[in-house]
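# Examination of the molecular architecture
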Amino acid sequence: VVFAFEHPTQEVFFNTLDICHRTGVNAKVHHSHADTVLTTGIETGDLVDIDIEPWDWQSHVFKRAFDILFALVGLFVLAPIMLLAAAAIKLDDGGPILYAQQRTAEFGDVFTVYKFRTMVPDGESAEPIDDAENDRITRVGRYLRATHLDEIPQLLAILGGKMSVVGPRAAWVDEEAEIESELSSWRKRWFVKPGLTGLAQINGVTSTDPDEKLRYDLAYIRNQSFWFDLRIVLRQLWMVFTDAIAILR
């Protein structure tokens, strides 16, 4: 299949890619539009092969097995902390405990992600903003964000297969629309499942710097492997541990 959309919408473009992926059909794009897709680097005249599946099947099996094991162990071990966090949020301002948001998944799909609420109700904004400058974050929310404990409910999305432990951060759909309007190659991030952590996250890069974030995300996609994932997870766990110790001190 040759992709010849002049101005493809996210839904049309990635639904077509998903069909190609599920049916084993090779996909190509004209080289002048190659900056919007993940490519293999193989060209046939004016056409470039789209890299629909960056993982080989063995790595894919290992990754999925690791995701399920990590999520199950995490939910079991962190169950007492989840109860404490829920109680603290409720006692702080009486608002809802969980926060739901539409995020972008693999192939541009949309799913609902749940996190512990860390901001005042209806305090979200599509414009990326640094936590230090965000006055909408609650008192309890600052502790949850500093220790990354607000992310725990996302383990459910990992169990459901919409997310992976490691991958590009699942960004809010409204936020991504703004970024993509300025950065056409942003769509390359959607060729893999979003992750709880990733190369950009462990290097402290967020959507407030989309160019740098994209650079890290593409570096991960190009070099991803089960062992690379494991190193990223260990680094993230160490960062969470040191952040928690710093807060206790």
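The structure displayed is predicted, hence computed values, not measured ones.

Quick look at the pairing of strand β6 (residues 110-116) now. Bridge analysis of strand β5 (residues 98-104) against β6 gives 7 bridges, and the strand direction is antiparallel. Residue Gln-102 lies in a different strand from β6, and its bridge partner there is Thr-112. The loop that links β5 with its antiparallel partner β6 comprises 5 residues; one of these, Phe-107, has a positive phi angle of about 60°.

The subject of this paragraph is empty space enclosed by the protein. Remark: the empty space left among the atoms is shown by a probe the size of a water molecule rolled over them. Per the counting criterion, the structure on display carries 2 cavities of 30 Å³ or more. Quantified by volume, the second largest cavity comes out at close to 50 Å³. If you go around the second largest cavity, the residues you meet are Thr-104, Ala-105, Pro-168, Arg-169, Ala-170, Ala-171, Glu-176, Arg-189, Trp-190, Val-192 and Pro-194. Looking at the lining of the second largest cavity residue by residue, the class counts come to 7 nonpolar, 1 polar and 3 charged.

Direction vectors running N to C along helix α2 (residues 57-77) and helix α3 (residues 79-93) enclose 60°, while the axes themselves pass 4 Å from each other. It follows that α2 is oblique to α3 by the angle criterion. Contacts between α2 and α3 pair Leu-75, Phe-76 and Val-77 from the former with Ala-79, Pro-80 and Met-82 from the latter. Of the residues belonging to the contact of α2 with α3, the class tally is 6 nonpolar, no polar and no charged.

Conventions we followed
Just so you know, the residues in each chain are numbered from 1, in the order the chain's sequence is written. Whole-chain, interface and lining totals are the exception, using all residues; otherwise, since this is a predicted model, local features are given only for residues with pLDDT of at least 70 and side-chain atom pairs are given and counted only at 80 or more. Side-chain figures throughout are based on the complete set of non-hydrogen atoms in the structure, without hydrogens or water. Strand pairing requires that DSSP identify at least two bridges connecting the strands. Here a strand is any run of E in DSSP of at least two residues, a helix any run of H or I of at least four, and the numbering for each starts at the N terminus. Here the term cavity refers to a set of points on a 1 Å grid, laid over the protein atoms alone, in which a 1.4 Å probe fits but cannot get out; the term pocket refers to an open set having protein on both sides within 12 Å along at least five of seven lines, with lining residues being those that place an atom within 4 Å of a point. Grid points are joined across faces, edges and corners, and a volume is the space filled by probe spheres set on the points. In this classification, the charged set is Asp, Glu, Lys and Arg, the nonpolar set is Ala, Val, Leu, Ile, Met, Phe, Trp, Tyr, Cys and Pro, and all remaining amino acids, among them Gly, are polar. In this analysis, axes come from line fits to C-alpha atoms, helices being fitted only over the stretch in contact, and the angle between any two N-to-C directions falls in the range 0 to 180 degrees. Roughly parallel refers to an angle under 35 degrees, roughly antiparallel to one over 145, roughly perpendicular to one between 65 and 115, and oblique to any angle outside these ranges. Note on contacts: a residue pair is in contact if any heavy atoms of the two residues lie within 4.5 Å.

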